[in-house]
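Survey of secondary and tertiary structure
Single-letter residue listing:
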Amino acid sequence: MLRGVSLELAAGQVVHIAGSNGVGKTTLLRVLAGLLTAEQGGVSWQGRPVTASFEVYAATLAYLGHSDALKADFTARENLRHEVGLRRDVTPAEIDDALARVGLAGCRDLPARVLSAGQRRRLAMARVMLSAASLWILDEPFTNLDHVGVVLLSGVIAEQLDAGGAVIIAAHQPPAIPRHTVRCVELV
């Protein structure tokens, strides 16, 4: 159960949600993403409760949960075209650029089922990138990534912040995001 949690986030900022296993990090992110309703208190975006206009709020955020939420038989390109296409029109060039930025250019035509766990995580992050959302809510985004993957993803997050976006990350280790100070909120 979460109690007494309060955080504010502005454009260009990143917040790290920390805490032991089972303390409520994922629950907090799900509440912030509108997937769960808070028993007490609430979530506001741009000064208004998200419940006042949830569709507007939902259009501004991209959520990456524990599951990569990929279609196993779709190729990397097909996964991105399908998932991002539900939100906005996306061009093949945008898809290929996102795959290159997460180090998957050579895997674009492979089905997700043959990708390693780290490659699937990178593909899921490419989906978040292509969403064009100003708020990213990321639950353990570095899971299964090797050092190169962590560096790539940290750079992608920095680009989001540089462009005026905001990011909330739940992770066991504090993320090192280039050019940005990471503010920590510890759940107990």
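Report follows, based on the coordinates. (Residues numbered from 1 in each chain as written. Predicted model: local features only at pLDDT ≥ 70, side-chain atom pairs only at ≥ 80, totals over all residues. Heavy atoms only, no water.)

The next subject is the pattern of salt bridges. A full pass over the atoms with the stated rule returns 9 salt bridges. Among the salt bridges present, the one from Asp-68 reaches Arg-121, with a minimum N-O distance of 2.7 Å. Of this pair, Asp-68 sits in the loop between strand 4 (61-64) and helix 3 (76-85) while Arg-121 sits in helix 5 (residues 117-130), placing them 53 residues apart in sequence. By the burial criterion, Asp-68 is buried, and Arg-121 matches it. The network of salt bridges with shared partners includes Arg-77, Asp-96, Arg-108 and Asp-109. (Salt bridge = Lys/Arg side-chain N within 4 Å of Asp/Glu carboxyl O. Helix = DSSP H or I, 4+ residues; strand = E, 2+ residues; numbered from the N terminus. Buried < 20%, exposed > 50% of the residue type's maximum accessible area, 1.4 Å probe, protein only.)

Burial analysis of helix 1 (residues 25-32) places 6 of its 8 residues in the buried class, which makes it a mostly covered element. For helix 1, the full list of buried residues reads Lys-25, Thr-26, Leu-28, Leu-29, Val-31 and Leu-32. Where helix 1 is buried, its residues contact strand 1 (14-18), helix 2 (54-59), strand 4, strand 5 (135-139) and strand 6 (166-170). Count one or two residues on from helix 1 and you reach Gly-34, which has phi positive near 85°. (Contact = heavy atoms within 4.5 Å.)

A word on the nonpolar core. Formed by 35 residues in total, the largest nonpolar core has its most connected members in Met-125, Trp-136, Leu-138, Ile-157, Val-167 and Ile-169. For this core, the secondary-structure elements that each account for two or more residues are strand 4, helix 3, helix 4 (92-101), helix 5, strand 5, helix 6 (147-162) and strand 6. Sorting elements by how many residues they give to this core places helix 5 first, with 7 residues. If you look at the next biggest cluster of nonpolar residues, it comprises 20 residues, including Leu-28, Leu-32, Val-43 and Val-185. (Core = buried A, V, L, I, M, F, W, Y, C linked by side-chain atoms within 4.5 Å.)

Scanning all chains against the criterion turns up 2 aromatic pairs. Linked through ring pairs, Trp-45, Phe-54 and Tyr-57 together constitute an aromatic cluster. (Phe/Tyr/Trp six-rings, centres within 6.5 Å; stacked < 30°, edge-to-face > 60°.)

What follows is about the packing of helix 3 against helix 5. Where helix 3 meets helix 5, the closest approach of the two axes is 10 Å, and the angle between their N-to-C directions is 35°. The two elements helix 3 and helix 5 cross, and the hand of that crossing is right-handed. Together, Ala-76, Asn-79, Leu-80, Glu-83 and Val-84 of helix 3 and Leu-123, Ala-126, Arg-127 and Leu-130 of helix 5 make up the contact between the two elements. (Axes fitted to C-alpha atoms, helices over the stretch in contact; angles between N-to-C directions. Left-handed = near helix turned anticlockwise from the far one by under 90°.)

A few words on the sheet that holds strand 7 (residues 182-186). If you walk across this open sheet you meet the 5 strands as 4-5-6-1-7, and the pairing is parallel. The open sheet has two edge strands, strand 4 and strand 7, and neither has a second partner. Looking at each pair of strands side by side, their axes are set apart by 15° on average, direction ignored. Taken together, the 5 bridges between strand 5 and strand 6 define a ladder with parallel strand orientation. If you follow Trp-136 over to strand 6, its bridge partner there is Val-167. Relative to the sheet, helix 1 contacts strand 1, strand 4, strand 5 and strand 6, its axis offset from that of strand 5 by approximately 155°. (Pairing = 2+ DSSP bridges.)

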